[in-house]
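Residues per chain are reported as follows:
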Amino acid sequence: MSTNPTYKSAVVIGAGIGGLAAAQALADHFDQVIVLERDHLPSDTRPRRGVPQGKHPHGLLSGGLGALCDLFPNFTASLADAGAHAGDAGLHLRVEMPEQEALPRRYLDVPFFTMTRPLLERVVRQRVEERKNVVFRGGCRVVGIVGEPDGRSVCSVSFITAEGKLEEAPANVVVDASGRGIPTLDFLNSTGHPMPEETIIGVGLSYATAVLEIADDSKLLFKALVTSPKAPARCCRGVMVLREDGYWLVTLVQRGVDRLPANREEFLALASSLDRPTLYNAIKDSTLHGKITQFAFPESWRRHFDRIEDFPRGLIPIGDSVCRFNPVHAQGMSAALQEAVVLRNLLAARATQQVPFATLGQEYLSAIQPIIENPWTLSAFPDLAHPDAEGERPTDLEEVLEYQSAVGRVAFHDSDVHKLLYEVLHLIKPVSALHSQEVMDKVRGNQSPMLEITA
């Protein structure tokens, strides 16, 4: 808790993964942190209404796990105690890439956990609840962010309580972890600030998820599986993730379809159409628990708040409020967690400043751009390869996709490149690491003379 008189109160809008991590980042520097959440927060691992993807698989990448360990001491022990399954990406994550065999099982020292999204959220929230200066207010609907008369800084958040009462929480800093970012956009609009430029990719995804019990899953050599189609025009992708209770979350992803599988027979029929048989063979004799759930994801977006001059003082959008990634790439939670670490570090660096929030927002938005750029690049290029995807395609799209495929082929027989590839995919290292001279030389040596490689 801060002793600086200007570090009095902060408000976090949203109690999802990004909001919880932000609350932890703020707790060391404010007398009080209030977390406002529209849902009533459950004590168990039931999916929340406000997290429509809560019933579907979520990936906590190694980079996100590292951020959680940075924010919370001994966090891996908290996950293990809650029942999450620990693994190494090289041994327990099977990735079936287009046009090549699955990468071989190797220990790569890239740790990850598998579990449901509600379990991860509960564990993180329990750790945040240990902070005596963090207050959770469930069942509250945020009305809007309130600014100073000149509109240049935030001063409070107005909200309606679970009892229907209008209240206002004062705040030196407001973190918008609402997901859609509407409070930030409304505040910018009401105070005369320009709206952020947006980059949008229309992906038109629909997916169906089944909770399956596999009688003898000890024969499976993975705790998570991702199988991708061989050609962009193919629609279906498959994902399997081991839950904390021993059941499996299995998701089939399609593009531009009007009908998704609604029962076990339709689900298995679609699974049998995947380019690789691994997923279907694993689940063909499984037992379905509950109903198949469905979800639609129309588009990814990236809001360029960092380009707005004189960004309002004390306003901090985080996670999906800034950039909403295609969920099939499992990057959103990990990117938000890394952004929270940036916020924590910037606040720590300002601990002795007389006006600590003067440029905090702008410096934060600038500092998180590399965090966003890495997963955005990893997801945008494969998404734009699909002929029905909407968005501006870079002129080097085909060259980038071919190089990514070439790196995957080298990784099959080169354990160093395999480890580096997974470190990039798990947001530990930037995409540029795959373009080092050493890696390019290995790719060039593994290709026909037709492939032109440039730095």
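The structure reproduced in this document is the subject of the present report. Since the model is a prediction, treat every value here as computed from it, not as a measurement.

## Quick word on the overall build of the protein
In terms of helices and strands, the protein carries 14 helices and 17 strands. A compact globule built from 455 residues should have a C-alpha radius of gyration of about 23 Å, and the protein, at 22 Å, falls within 12% of that. A total of 455 residues make up the protein; the buried ones form 55% of that total. For the protein, the share of sequence-separated contacts (at least 6 apart) that also reach a separation of at least 24 residues comes to 70%. Total accessible area computed for the protein in this model is approximately 19,800 Å², and 50% of it derives from carbon and sulfur atoms. Averaged over its 45 positive side-chain charges, the protein has a centre that lies 5 Å from the centre of its 56 negative ones.

## Quick look at the pattern of salt bridges
Taken as a whole and judged by the stated rule, the model has 22 salt bridges. With a closest N to O distance of 3.4 Å, Glu423 and Lys419 form a salt bridge. You can see Glu423 and its partner Lys419 sitting in helix 13 (residues 415-425), four residues apart, about one turn around the helix. You can call Glu423 buried: its relative accessible area is 10%. Each of the salt bridges in this network shares a partner with another, and the network as a whole consists of Arg117, Glu121, Arg125 and Glu129.

## Overview of the packing of helix 1 (residues 17-27) against helix 5 (residues 117-129)
Two elements in contact, helix 1 and helix 5, have axes separated by 10 Å at closest approach and are oriented at 15°. Relative to helix 5, helix 1 is oriented roughly parallel. As for how helix 1 packs across helix 5, the hand of that crossing is left-handed. On the side of helix 1, the interface is formed by Ile17, Leu20, Ala23 and Gln24, while helix 5 contributes Arg117, Leu120, Glu121, Val124, Arg125 and Val128. Here the contact of helix 1 with helix 5 is composed, by residue class, of six nonpolar, one polar and three charged.

## Section: the pairing of strand 1 (residues 9-13)
Counting buried positions along strand 1 gives five out of five residues, so the element sits mostly inside the fold. Covered by surrounding structure in strand 1 are Ser9, Val11 and Ile13 together with Ala10 and Val12, the residues of both alternating faces. Bridging between strand 1 and strand 2 (residues 32-36) involves five bridges; their strand directions are parallel. Paired with Ser9 across the bridge in strand 2 is Gln32. A crossover connection joins strand 1 to the parallel strand 2 through helix 1; in handedness this β-α-β unit is right-handed. In this structure, strand 1 lies alongside strand 10 (residues 173-176), joined through four bridges in parallel fashion. When the bridges of strand 10 are listed, Val11 appears paired with Val174.

## Some points on the nonpolar core
Of all hydrophobic cores here, the largest spans 88 residues; its most connected members are Leu26, Leu60, Leu79, Leu120, Val173, Val175 and Tyr364. Residue contributions to this core peak at nine residues, all from helix 9 (residues 332-349). Excluding its chain neighbours within four sequence positions, the residues that come into contact with Leu26 are Ala10, Val12, Val33, Val173, Val175, Leu343 and Leu347. Counting residues in each nonpolar core, the second largest holds 28 residues, with Leu93, Tyr403, Ala411 and Leu427 among its members.

## Some remarks on helix 11 (residues 369-385)
The end-to-end C-alpha separation of helix 11 is 24 Å, in line with the 24 Å expected for 17 residues at 1.5 Å each. Taking the largest bend as the criterion, helix 11 deviates by roughly 30°, centred on Trp376. Most of helix 11 sits out of view: 13 of its 17 residues are buried.

## Side note on the packing of aromatic side chains
To describe a pair of aromatic rings, one takes the distance between the centres and the angle between the planes. In this structure the tally under the stated criterion is five aromatic pairs. Between Tyr207 and Phe295 the ring centres are 5.5 Å apart and the planes differ by 50°, which places this aromatic pair in the tilted class. With Tyr207 in strand 11 (residues 197-213) and Phe295 in strand 15 (residues 287-304), this residue pair connects regions lying 88 residues apart in the sequence. Assigned by exposure class, Tyr207 and Phe295 land together as buried. Between Phe325 and Trp376 the ring centres are 6.3 Å apart and the planes differ by 55°, which places this aromatic pair in the tilted class. Highlighted residues: Phe325 in the loop between strand 17 (323-324) and helix 9 and Trp376 in helix 11, separated in sequence by 51 residues. The buried category is assigned to Trp376, whose relative accessible area is 8%. One Lys or Arg, Arg303, reaches over the ring of Trp301 and ends 4.5 Å from the middle of that ring.

## Quick word on the side chain of His193
As for its position among the elements, His193 is in the loop between helix 6 (182-190) and strand 11. Given a relative accessible area of 13%, His193 falls into the buried group. At 3.3 Å, the side chain of His193 forms a polar contact with the backbone oxygen of Asp310. With sequence-adjacent residues up to four places away left out, His193 is seen in contact with Gly151, Leu188, Asp310 and Pro312.

## A few points about the sheet that holds strand 15
With mixed pairing, seven strands are arranged side by side in an open sheet as 4-12-13-14-11-15-17. Two strands bound the open sheet, and with one partner strand each, they are strand 4 (93-96) and strand 17. Bridging between strand 15 and strand 17 involves two bridges; their strand directions are antiparallel. Within the sheet, the bridge partner assigned to Trp301 lies in strand 17 and is Arg324.

## Concerning the side chain of Thr184
Positionally, Thr184 belongs in helix 6. In this structure Thr184 comes out as buried when scored by relative accessible area, which is 1%. With sequence-adjacent residues up to four places away left out, Thr184 is seen in contact with Ile145, Asp176, Phe305, Leu315 and Pro317.

How each quantity is defined
Residues numbered from 1 in each chain as written. Predicted model: local features only at pLDDT ≥ 70, side-chain atom pairs only at ≥ 80, totals over all residues. Heavy atoms only, no water. Helix = DSSP H or I, 4+ residues; strand = E, 2+ residues; numbered from the N terminus. Rg over C-alpha atoms; globule rule 2.2 N^0.38 Å. Buried < 20%, exposed > 50% of the residue type's maximum accessible area, 1.4 Å probe, protein only. Contact = heavy atoms within 4.5 Å. Areas by Shrake-Rupley, 256 points an atom, 1.4 Å probe, with all protein chains shown as cover. Lys, Arg positive; Asp, Glu negative; His and termini not counted. Charge placed at Lys NZ, Arg CZ, Asp CG, Glu CD. Salt bridge = Lys/Arg side-chain N within 4 Å of Asp/Glu carboxyl O. Axes fitted to C-alpha atoms, helices over the stretch in contact; angles between N-to-C directions. Parallel < 35°, antiparallel > 145°, perpendicular 65-115°, else oblique. Left-handed = near helix turned anticlockwise from the far one by under 90°. Nonpolar A, V, L, I, M, F, W, Y, C, P; charged D, E, K, R; others polar. Pairing = 2+ DSSP bridges. Right-handed = clockwise from strand over helix to strand, strands pointing away. Core = buried A, V, L, I, M, F, W, Y, C linked by side-chain atoms within 4.5 Å. Expected span 1.5 Å × (residues − 1). Bend = angle between axes of the 7 residues up to and from the residue. Phe/Tyr/Trp six-rings, centres within 6.5 Å; stacked < 30°, edge-to-face > 60°. Lys NZ or Arg CZ within 6 Å of the ring centre and 35° of its normal. Polar contact = N/O pair within 3.5 Å; in protein donor to acceptor, adjacent residues only side chain to side chain.

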